[in-house]
Amino acid sequence: MALRSSVTRRTLTLGLNSTRLLPLSRSLQTFSLPDLPYDYGALEPAISGEIMQLHHQKHHRTYITNYNKALEQLHEAIQKGDSSTVVKLQSAIKFNGGGHVNHSIFWKNLAPIREGGGEPPKASLGWAIDTHFGSLESLIQKMNTEGAALQGSGWVWLGVNKELKKLVIETTPNQDPLVTKGPHLVPLLGIDVWEHAYYLQYKNVRPDYLKNIWKVINWKYASEVYEKECA
Amino acid sequence: MAATTSMVTSLTFTIPSLGLRLPTRSYPCLKPQRRFVRKAASNVITATYELKAPPYPLNALEPHMSRETLEYHWGKHHRTYVENLNKQVVGTDLEGLSLEDIIIVTYNKGDILPAFNNAAQAWNHDFFWESMKPGGGGKPSGDLLDLIERDFGSFERFIEEFKAAAATQFGSGWAWLAYKANRLDVENAVNPWPSEKDKELVIVKSPNAVNPLVWDYFPLLTIDVWEHAYYLDFQNRRPDYISVFMEKLVSWETVNTRLEKAKARAAEREMEEERRRKEEEEGKPTNEEEDDDLEMYVDNDNDDSEAE
């Protein structure tokens with residue numbers, strides 16, 4: 001099942017005849033919830049279907065709704081030259097846009113076991129991991145330690161610095177995308193450690209969630225991204 | 001390690017009924033090398049911090065907050081903060097300090113030290129359980145209601161603002177009603193037009209473990225908006241959780257008691273300030289020696305650069 005990320009294109013005109021495109025108006029791209037390439041229950045027992053459904057249909061959708069709203073307001077403010085509002089909207093865009101960016105990656109980072117979830121990376125990414133971290137186990141341990149130690153809400157990432165062609169492990173708070181930690185960082189794989197990602201199943205035992213999620217990590221996707229950046 | 005960057009000497013006093021001890025900001029330090037040093041007399045190793053039970057059984061807040069939530073939230077999360085704090089503090093300069101002192105010291109003016117998260121979360125959760133009661137909700141009365149109406153326009157506006165703060169604290173954190181009675185700590189500044197309005201109620205929100213003690217406010221009420229506080233009962237529906245909290249759980253009696261203490265402390269501080277200002281005018285030496293009995297320090301002779 002191909003991943004459909006549907007995007008709607010709307011043209012905003014300033015209250016004038018909407019069939020004519022005014023030279024000054026720019027079209028505003030809004031976003032909608034991408035489909036998961038697997039059923040909600042397909043990642044069990046690592047992640048419960050209940051969590052997957054809530055996470056996708058409630059949390060991710062809410063980020064998208066609020067992101068779209070903030071973008072519309074931003075669009076209007078830009079057109080009016082209302083700098084105060086432009087600046088005021090930045091945090092909403094960061095929270096909600098970041099939430100959309102991060103979760104879109106996250107769904108691709110996961111795959112049911114029968115579709116390759118958990119299968120270790122091979123080829124260039126596998127080799128890079130061994131070189132940089134010693135072994136896949138060592139990478140996993142490091143990411144789990146960082147993920148468990150993160151205070152509050154955030155993400156733990158395996159990324160690649162596309163300038164230096166080096167793998168990195170980073171954490172970001174709240175919904176900050178990986179790029180906020182370095183402009184050359186490209187996310188290969190992110191693990192959501194917000195409590196909503198695991199609470200119903202693992203309660204306060206985040207380390208158990210981190211231990212189990214590796215069984216459904218989709219290394220194929222991570223490898224594709226890596227190869228694209230480091231070809 | 002110690003709080004070498006902080007030159008605050010902490011004056012604490014115990015408020016008998018709730019056992020709440022809050023540091024007052026004392027006179028700015030004149031001796032730049034003054035640090036936290038342990039008093040020679042206090043050789044006793046203070047008892048470690050304990051997990052206090054909520055003032056009601058774990059199922060008492062049902063159906064608004066389930067027993068299961070209390071079992072995990074208090075029994076696991078809160079307990080873990082306390083246990084980890086004890087482990088972090090033992091054998092360090094923080095040992096023996098009150099929880100509030102540890103919070104201020106480890107907050108370190110924003111450059112947070114390791115024990116802060118556990119200490120602050122331990123305190124925050126105690127404060128949270130006490131902010132609720134079975135059959136809570138309703139409306140406050142008396143001075144508290146008057147102040148709310150003065151500072152927010154109306155009780156309804158206050159509720160709106162508090163709920164908005166709680167709903168828009170992105171990620172993990174807390175929303176607070178607090179009593180703010182401090183002014184800028186500038187040595188020679190005198191408030192040219194002091195009035196009762198200088199002391200006011202404020203609504204603030206804070207991320208993760210931060211609480212208004214670090215801003216020298218007096219917290220009156222809090223709601224925990226970390227997801228673990230509401231996920232079992234409300235899943236993603238934080239606004240519903242917040243509404244239920246306000247309508248069914250808030251203990252206005254507790255908030256009222258805290259307000260009285262806040263006002264008393266503000267009054268005491270003002271008297272302290274007056275006394276100090278008078279003494280300064282009259283050219284007397286500062287009274288810091290007199291306060292020795294109450295001061296608590298942390299010893300770090302090794303770092304004393306004056307020794308070089």
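About the thresholds
- By convention here, each chain's residues receive numbers from 1 onward along its written sequence.
- Numbering of ligands from 1 and lettering of chains from A proceed in the order in which they are written.
- At least 70 in pLDDT is required for a residue's local features to be given in this predicted model, at least 80 for side-chain atom pairs to be given and counted, and no such filter applies to totals for whole chains, interfaces and linings, which use all residues.
- Remark: hydrogens and water are excluded; side-chain values derive from all non-hydrogen atoms of the structure.
- UniProt positions are given in the numbering used here, feature names are shortened, and annotations may be inferred rather than shown by experiment.
- Secondary structure elements follow DSSP: runs of H or I no shorter than four residues count as helices, runs of E no shorter than two count as strands, and numbering proceeds from the N terminus.
- Any residue under 20% of the maximum accessible area for its type is buried, any over 50% is exposed, and the rest in between are partly exposed; the area is computed with a 1.4 Å probe on protein chains only.
- Two residues form a contact once any of their heavy atoms are found within 4.5 Å.
- What sets the accessible areas is the Shrake-Rupley method with a 1.4 Å probe; for residues, cover comes only from the shown protein chains.
- Put simply, buried area is how much 1.4 Å-probe accessible surface two parts lose in total, over both of them, once they are put together.
- Salt bridge, as applied in this entry: a Lys or Arg side-chain nitrogen positioned within 4 Å of an Asp or Glu carboxyl oxygen.
- Pairs of N or O atoms are called polar contacts if they sit within 3.5 Å, as long as, within protein, a hydrogen donor faces a hydrogen acceptor (for residues adjacent in sequence, only side-chain-to-side-chain pairs).
- Note that Gly is not counted as nonpolar here; it falls among the polar residues with everything else outside the nonpolar set of Ala, Val, Leu, Ile, Met, Phe, Trp, Tyr, Cys and Pro and the charged set of Asp, Glu, Lys and Arg.
- Each pair of strands is called paired provided DSSP finds at least two bridges between the two strands.
- Fitted lines through C-alpha atoms give the axes, limited to the stretch in contact for helices. The angle between two N-to-C directions lies from 0 to 180 degrees.
- The patches reported here contain residues having more than 30% relative accessible area and no salt bridge. Joining distances are 9 Å for like charges and 5 Å for nonpolar side chains (Val, Leu, Ile, Met, Phe, Trp, Tyr).
- The charged-residue count follows a simple rule in which Lys and Arg add positive charge and Asp and Glu add negative charge, with His and chain termini not counted at all.
- We put the charge of a Lys on NZ, of an Arg on CZ, of an Asp on CG and of a Glu on CD.
- For every residue, the predictor states its confidence as a pLDDT score lying anywhere from 0 to 100.
- For a helix, the expected span equals 1.5 Å multiplied by the number of residues minus one.
- Bend at a given residue is defined as the angle between two axes, one fitted to the seven residues that end at that position and one fitted to the seven that begin there.

Looking at an unreviewed UniProt entry, one finds chain B named superoxide dismutase and attributed to Gossypium hirsutum. What UniProt states about chain B under its Subcellular location (unreviewed entry) heading is, verbatim, "Plastid, Chloroplast". One UniProt comment on chain B, placed under Catalytic activity (unreviewed entry), says "2 superoxide + 2 H(+) = H2O2 + O2".

The name an unreviewed UniProt entry gives chain A is Superoxide dismutase, with Gossypium darwinii as the organism. The UniProt entry for chain A carries the following text under Subcellular location (unreviewed entry): "Mitochondrion matrix".

1. Focus: the overall build of chain B
Secondary structure summary: chain B contains eight helices and five strands in total. Looking at chain B as a whole, 50% of its 308 residues qualify as buried. Looking at chain B alone, contacts between residues at least 24 apart form 78% of all its contacts between residues at least 6 apart. For chain B, the computed accessible surface area is about 15000 Å², with 51% contributed by carbon and sulfur atoms.

2. Let's talk about the interface of chain B and chain A
At the junction of the two partners, chain B supplies 16 residues and chain A supplies 17 residues. Where chain B abuts chain A, roughly 1800 Å² becomes buried across the two surfaces, and 61% of that area is made up of carbon and sulfur atoms. Counting the surface chain B buries against chain A, the share from its top three residues, B:Phe170, B:Glu227 and B:Tyr231, is 40%. Linking chain B with chain A are zero salt bridges, by the criterion used here. Summed over the shared surface of chain B and chain A, the result is six residue pairs in polar contact (both at pLDDT 80 or more). Those elements giving two or more residues to the side of chain B that touches chain A turn out to be α1 (67-89) and α6 (231-234) of chain B. Of all the elements, α1(B) adds the most residues to the side of chain B that touches chain A, at four residues. Within the side of chain B that touches chain A, the residues separate by chemical class into five nonpolar, eight polar and three charged.

3. Description of the sheet that holds strand β4 (residues 200-207) of chain B
All names here are of chain B. Spatially, β4-β3-β5 is the arrangement adopted by the three strands of the open sheet, whose pairing is antiparallel. Unpaired on one side and paired on the other, β4 and β5 (218-224) mark the two borders of the sheet. Neighbour-to-neighbour, the strand axes of the sheet open up by a mean angle of 20 degrees, direction not taken into account. Bridge analysis of strand β3 (residues 173-180) against β4 gives eight bridges, and the strand direction is antiparallel. Paired with Leu 177 across the bridge in β4 is Ile 203.

4. Considerations on a negative patch on the surface
Residue and element names in this part refer to chain B. Together, Asp 146, Glu 149, Glu 156, Glu 160 and Glu 161 line one region of the surface with negative charge. Only α4 (142-152) and α5 (155-168) provide two or more residues apiece to the negative patch. Sort the elements by how many residues they give to the negative patch and α5 lands first, with three residues. Position of Glu 149 relative to the elements: it lies in helix α4.

5. Section: the UniProt feature "binding site: Mn(2+)" (unreviewed entry) in chain A
When the UniProt feature table is mapped to this numbering, "binding site: Mn(2+)" (unreviewed entry) covers A:His55, A:His103, A:Asp192 and A:His196. Spanning 142 residues, the named residues form one tight spatial group whose C-alpha atoms are at most 12.4 Å apart. Assignment of secondary structure puts A:His55 in helix α1 (residues 49-80). Among the residues examined, A:His55 registers a relative accessible area of 1% and is labelled buried. Not counting residues within four places of it along the chain, the set of residues in contact with A:His55 comprises A:His60, A:His103, A:Phe106, A:Trp107, A:Asp192, A:His196 and A:Ala197. Position of A:His196 among the secondary structure elements: in the loop between β5 (185-192) and α6 (199-202). The class of A:His196 is buried, set by a relative accessible area of 1%. Sequence-distant contacts of A:His196, that is, excluding residues within four places in its chain, are made with A:Ile51, A:His55, A:His59, A:Tyr63, A:His103, B:Glu227 and B:Tyr231. For A:His196, the side chain forms a polar contact with the side chain of A:His59, separated by 3.5 Å.

6. Considerations on the sheet that holds β5(A)
All names here are of chain A. Overall, antiparallel pairing links the three strands, which are arranged β4-β3-β5 in an open sheet. This sheet does not close on itself; its edge strands, each paired only once, are β4 (166-173) and β5. Taking the axes of each pair of neighbouring strands and ignoring which way they run, one obtains an average angle of 25 degrees across the sheet. Packing against the sheet, helix α3 (residues 90-109) makes contact with β3 (154-161) and β5, and its axis sits at approximately 75 degrees to β5.

7. Overview of the confidence of the model for chain A
Residue and element names in this part refer to chain A. When pLDDT is averaged along chain A, the result is 91; 89% of the residues meet or exceed 70. In the model, residues 1-9 has pLDDT below 50 throughout and makes 19 contacts with residues more than four positions away in sequence or in other chains. Contacts for the low-pLDDT stretch residues 11-24, under 50 throughout, to residues beyond four places or in other chains number 13 contacts.

8. Focus on helix α7 (residues 206-213) of chain A
Within the span of α7(A), buried status applies to A:Arg206, A:Tyr209, A:Leu210, A:Asn212 and A:Ile213. Looking at the packing, one finds that the buried side of α7(A) touches α3, α5 (136-149), β5 and α6 of chain A.

9. Some points on the pattern of salt bridges
All names here are of chain B. For the structure shown, the criterion picks out 18 salt bridges over all chains. A salt bridge links Arg 150 to Asp 151, with the nearest nitrogen and oxygen atoms 2.9 Å apart. Using a relative accessible area of 35% as the deciding quantity, one classes Arg 150 as partly exposed. Put simply, Glu 270 and Lys 199 hold a salt bridge, and the shortest N to O gap is 3.5 Å.

10. Looking at the pairing of β3(B)
All names here are of chain B. Most of β3 is tucked away: seven of the eight residues are buried. Across six bridges, β3 lies against β5 in antiparallel orientation. In the sheet register, Leu 177 faces β5, and the bridge partner there is Leu 221.

11. Examining the UniProt feature "domain: Manganese/iron superoxide dismutase N-terminal" (unreviewed entry) in chain A
Residues given the UniProt feature "domain: Manganese/iron superoxide dismutase N-terminal" (unreviewed entry) here are residues 30-111 of chain A. What you have in residues 30-111 of chain A is 71% helix and 2% strand, and the ends, taken at the C-alpha atoms, are 27 Å apart.

12. What to know about α1(B)
Here α1(B) spans 31 Å end to end across 23 residues, near enough to the 33 Å set by a 1.5 Å rise per residue. The axis of α1(B) is deflected most strongly, by about 30 degrees, at B:Arg79. Those residues of α1(B) that fall on the buried side of the exposure criterion are B:Thr69, B:Leu70, B:His73, B:Trp74, B:Gly75, B:His77, B:His78, B:Tyr81, B:Val82, B:Leu85, B:Asn86 and B:Val89. In the core, the buried residues of α1(B) are packed alongside α6 of chain A together with α2 (99-107), α3 (116-130), β5 and α6 of chain B.

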